[in-house]
Amino acid sequence: MKPTIEQTILVHQRVGKALSMLEARMADLGITEFLDELHDVRDDYDRMADSLSQGQRDPSGGKLYASLLKRTYRLYNNVRLSSIIRKYPVLTYCRKAAEKTVGEGDVASVKASLEGFVQDLAMQTLFSGDSQEAAIAGIYAKHQRYMDALFGHILVSWQWTSKMRTEYAELLASPTVDQNDGMLIVSGVTLSLMQVYDVNKWMLLHDVYVYNPSQQLRQRALVGMVLTVPDMRSEKLFGEVEDAITGMMEDADRRKELLETQIQLCYSASARTDSNEIQRDILPTLSKESRLDITKNGIVEKDDATIDDILNSEDRDRSIKEIEDKMSRIMDMQKKGSDVYFGGFSKMKRFGFFSQISNWFMPFTVNHPDISGASMLGKYPGIKGMLMNGPFCDSDKYSFFLSLSAVVEKLPPNILEMLASNDGPVTAMPEMSNVDRGSAMYVRRMYLQDLYRFFELYPNRIFANPFEAKAGGAFRGFFFANTFFRGMKGDEPAQLSRFLFKRKRPDLVAYMLGECRDAAALSLDEQKLLAHSYLRLGDIEKARVFFSSIIEKGGEDAAAIKGMADSLFLLRRYAEAAKQYARLTVMDGQNISHQLHLGLALVNGGDVKEGMATLYKLYYEHDSDLNVMRAMAWGYLADCKPKEADSLYEKLLALAGEDRILPTDLLNSGYVKWIVGDVKEAKERMGRYLAAFPAGEAPSLETEMANDRDILSRNGIEDYVVAIMLDGMDGQK
């Protein structure tokens, strides 16, 4: 497979070949605006090649070639962006609108426009009355159109120079520029980077994060920075980027913030899953209990109790308790970082307001010209309280405002009374008011929710979604697995792995620690998490190897020994597994699971007498424990005592009932019925075993019987009998 232009530059670092490929690509696409730049780079490259062909080697040749490589990469990115703009009309519109309103967009003129807006507003404070309100509205309208155009200009801007990076950093740090404007600029830079990488734009985000005094700007920049880190390392092209990230990883406070950001990104990436859980498991309970009333003092139960409520007060109490539990579940999800509002607000993004890309990232302001809010907020201060203090991202605040403004006068009187009160729903719901909205965690969470809504709901799918899974399962925003972050020395990767493991994402742990890190550099904690993740994923041999290494290093680590024993058991290396389970029983003689697995490992490994002795003792002490019964019944089968096994399986199935029967209970009891001659019942139970799995996910009976061939054979089931049984079961899948 031929390398792409990007691979030719980044991986092979072939300037001459890359220039030839670029020239051909530009000719194919009819791109002419970068021909002069192409010829300049080609001329400099040819001069260098000619000198080398004549035996003349410049002492600074390495630096000159690195410079040519950077210029070639810059040219490639401009050509790539040009082709993207031509492909998508919305980006073509952004460019044309920007040219009309912003012009060339030099930073000095941009700064002058932004400062002029602040000055014009300040001047209006000298006046009063209706004329002042009209003038202020006009100023905001004109400025918003300028910011829309500036956002589009940045979004489709060609590769920046280091001078532009410095000038924008100074602009964003200026106290004479409105913070909202700065926040929108940072989002524009981020979105531009997601389209086509630009070292200077990325370094601007780094500079803002490290040096800007505004928490809002810093956190937006941090999110943009980690979402747009290059996928490949190249000292010649990304040396400055590598130095910046290394500096961050060497700072304990920044490592902590990086970890928090990655965890928040994980929560954001699961917003749709969390929303489905709320819709499926929580909202039905809340909707079926509709005897709630909303007042300015909070949510109270309506006074309309029926005779059934009075006579069946225990049922009513249980219903109220269930509602409280479900509400607590939502609040707990929110406190941990889940995006609990996505499901509701996702249906409120069809307003024309959201056809403008910049509006998805615009900090909420009642002065936005595309919403007319002053009159409604003046009449209903409770709405303003919810917008200013509610735990909603800016995008959802706009959705809420636009939706409510269309229906507010049609709401019931009790709702209007609440909204007209200064002590509105925010004070009635403490979880909405007791939040530090200035904290880095909160600022990032709200911004990530803005981003998530844009990438999930914006109809023109022209941007790579950082919350979307890539090939292999990891989502694009999983930056801890990025090549630039693989040298992180602190405990943060282990902390993230513990979080992911608890969130039932062993696949991400295995990807980050197993595929993206050097095994020799993993800490002992990281090795343990990786080994358990492999075990959870069914990659048993890899798990065994890591558990073996951990035991050699860590000695009597019960969790590692258990993992090692389980791995060996699943690999059917029963004799070795029995030795590890025996170590566990010495460490904890009261643990039934260890004793049970020891007995099974001995039985399956051929030491039936010793294994049955262990199982007999367990069964004597715990004769109603279902797992002990399962192990004992299997032991009888291994000991060629099918009648005893049959009796115990019947007792097990009766005691377990439909709720606690495992599929393997049906298969193994089917074996027993087969062995004792009840073939009809054997087929029925094997059929139930297959039916216990979702369609298309049932294990192969042939594979299961091959795995259990030794025990079947010892009990008189020959290979040809197995073949005939399988033929008879072929229709039951």
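Since we're looking at a predicted model, the values are computed, not measured.

## Some words on the overall build of the protein chain
And step 1. Helices and strands together make up the secondary structure of the protein chain, namely 39 helices and 2 strands.
And step 2. Taken across its 733 residues, the protein chain has 49% of its residues classed as buried.
And step 3. A separation of at least 24 residues holds for 67% of the contacts in the protein chain among residues at least 6 apart in sequence.
And step 4. Carbon and sulfur atoms make up 51% of the accessible area of the protein chain, which totals about 35,600 Å².

## Some words on the side chain of Ser-192
And step 1. Secondary-structure assignment places Ser-192 in helix α9 (residues 179-195).
And step 2. Here Ile-154 takes part through its backbone oxygen, which lies 3.3 Å from a polar atom of the side chain of Ser-192.
And step 3. Non-local contacts of Ser-192, meaning those with residues more than four positions away in its chain, are made with Ile-154, Leu-155, Ser-157 and Lys-201.

## Side note on the packing of aromatic side chains
And step 1. Summed over the entire model, instances satisfying the criterion amount to 33 aromatic pairs.
And step 2. On the numbers, 5.5 Å between centres and 85° between planes, the contact of Tyr-197 with Phe-238 is edge-to-face. Of this pair, Tyr-197 sits in the loop between α9 and α10 (199-211) while Phe-238 sits in helix α12 (residues 235-249); the two residues are 41 residues apart in sequence, bridging distant segments of the chain. Note on accessibility: Tyr-197 and Phe-238 belong to one class, buried.
And step 3. Residues Phe-353 and Tyr-398 carry aromatic rings whose centres are separated by 4.6 Å and whose planes lie at 35° to one another, so their mutual orientation is tilted. Of this pair, Phe-353 sits in the loop between α17 (342-345) and α18 (374-379) while Tyr-398 sits in helix α20 (residues 394-407); the two residues are 45 residues apart in sequence, bridging distant segments of the chain.
And step 4. The ring of Trp-158 has Arg-95 lying over it, and the distance from NZ or CZ to the ring centre is 4.3 Å.

## What about the pattern of salt bridges?
And step 1. The tally for this structure, following the rule as stated, stands at 39 salt bridges.
And step 2. Across the pair Asp-198 and Lys-201 runs a salt bridge whose closest N-O atoms are separated by 3.8 Å. In terms of burial, Asp-198 and Lys-201 fall into one category: buried.
And step 3. One salt-bridge network, held together by shared partners, links Arg-218, Lys-256, Glu-257, Glu-260 and Arg-444.

## Observations regarding the packing of helix α35 (residues 663-676) against helix α36 (residues 679-691)
And step 1. Running from amino to carboxyl end, α35 crosses α36 at an angle of 165°, the nearest separation of the two axes being 8 Å. Taken together, the axis directions place α35 and α36 in an arrangement best described as roughly antiparallel. Relative to α36, the crossing made by α35 is left-handed. Contact residues: α35 offers Pro-663, Thr-664, Leu-666, Leu-667, Ser-669, Gly-670, Tyr-671, Lys-673 and Trp-674, while α36 offers Val-679, Glu-681, Ala-682, Arg-685, Met-686, Arg-688 and Tyr-689.
And step 2. Among the residues making up the contact of α35 with α36, the classes are represented as 9 nonpolar, 3 polar and 4 charged.

## Some points on helix α5 (residues 89-101)
And step 1. With 13 residues, α5 extends 18 Å between its outermost C-alpha atoms, agreeing within 8% with the 18 Å of an ideal straight helix rising 1.5 Å per residue.
And step 2. When α5 is considered as a whole, its buried residues turn out to be Val-90, Leu-91, Cys-94, Arg-95 and Ala-98. Across the axial projection of α5, the buried residues extend over an arc of 145°, all falling on one side. Projecting away from the buried face of α5 at angles above 90 degrees are the exposed residues Pro-89, Tyr-93, Lys-96 and Lys-100.
And step 3. Just downstream of α5, Gly-103 is the residue with a positive phi angle, here 70°.

## Re a nonpolar patch on the surface
And step 1. Taken together, the side chains of Met-123, Leu-126 and Phe-127 present a nonpolar region at the surface, about 350 Å² in accessible area.
And step 2. Tracing the backbone through its elements, the reader meets Met-123 in helix α6 (residues 107-124).

## Topic: the packing of α10 against helix α11 (residues 215-227)
Between two packed helices, the angle of one axis relative to the other and the distance separating the axes together describe the packing.
And step 1. Two numbers describe how α10 lies on α11: the axes approach to 8 Å, and their chain directions differ by 140°. Comparing their axes, α11 and α10 come out oblique. Crossing handedness for the pair α10 and α11: left-handed. Counted together, Trp-202, Leu-205, His-206, Val-208 and Tyr-209 of α10 and Leu-217, Arg-218, Ala-221, Leu-222, Gly-224 and Met-225 of α11 form the full contact between these two elements.

## Considerations on helix α8 (residues 162-173)
And step 1. Counted at 1.5 Å a residue, the expected span for α8 with its 12 residues is 16 Å, and the 17 Å between its end C-alpha atoms agrees.
And step 2. When α8 is considered as a whole, its buried residues turn out to be Arg-165, Tyr-168, Leu-171 and Leu-172. Projected down its long axis, α8 carries its buried residues within an arc of 125°, all on one side. Facing away from the buried side of α8 by over 90 degrees, the exposed positions are Lys-163 and Glu-170.
And step 3. Residues of α8 that are buried in the fold lie against α6, α7 (130-155), α9, α10, α11 and α12.

## Some words on the side chain of Ser-403
And step 1. Here Ser-403 shows up in helix α20.
And step 2. Apart from the residues within four sequence positions on either side, Ser-403 is in contact with Met-348 and Phe-351.

## Examining unusual backbone geometry
And step 1. Here the phi dihedral of Gln-13 falls at roughly 55°; this positive angle occurs in a residue that is not glycine.
And step 2. Here Gln-13 lies in the loop between α1 (5-10) and α2 (15-29).
And step 3. Positive phi, normally seen in glycine, also occurs at Cys-640, with a value near 60°.
And step 4. Position of Cys-640 among the secondary structure elements: in the loop between α33 (626-638) and α34 (642-660).

## A word on the confidence of the model for the protein chain
And step 1. Looking at the protein chain as a whole, its pLDDT mean stands at 88, while 89% of the residues score no less than 70.
And step 2. By mean pLDDT, the top-scoring element of the protein chain is α10 (98), and the lowest-scoring one is strand β1 (residues 292-295) (46).

## Observations regarding the environment of Glu-409
And step 1. Mapping Glu-409 onto the fold places it in the loop between α20 and α21 (413-419).
And step 2. Sequence separation between Glu-409 and Met-376 is 33 residues; the distance between their C-alpha atoms is 9.9 Å.
And step 3. Among residues more than four places away in sequence, those in contact with Glu-409 are Lys-379 and Tyr-380.

Rules used in this analysis
- Residues numbered from 1 in each chain as written.
- Predicted model: local features only at pLDDT ≥ 70, side-chain atom pairs only at ≥ 80, totals over all residues.
- Heavy atoms only, no water.
- Helix = DSSP H or I, 4+ residues; strand = E, 2+ residues; numbered from the N terminus.
- Buried < 20%, exposed > 50% of the residue type's maximum accessible area, 1.4 Å probe, protein only.
- Contact = heavy atoms within 4.5 Å.
- Areas by Shrake-Rupley, 256 points an atom, 1.4 Å probe, with all protein chains shown as cover.
- Polar contact = N/O pair within 3.5 Å; in protein donor to acceptor, adjacent residues only side chain to side chain.
- Phe/Tyr/Trp six-rings, centres within 6.5 Å; stacked < 30°, edge-to-face > 60°.
- Lys NZ or Arg CZ within 6 Å of the ring centre and 35° of its normal.
- Salt bridge = Lys/Arg side-chain N within 4 Å of Asp/Glu carboxyl O.
- Axes fitted to C-alpha atoms, helices over the stretch in contact; angles between N-to-C directions.
- Parallel < 35°, antiparallel > 145°, perpendicular 65-115°, else oblique.
- Left-handed = near helix turned anticlockwise from the far one by under 90°.
- Nonpolar A, V, L, I, M, F, W, Y, C, P; charged D, E, K, R; others polar.
- Expected span 1.5 Å × (residues − 1).
- Arc of directions from axis to C-beta.
- Patch = residues over 30% accessible without salt bridge, like charges linked within 9 Å, V, L, I, M, F, W, Y side chains within 5 Å.
- pLDDT = per-residue confidence, 0-100.

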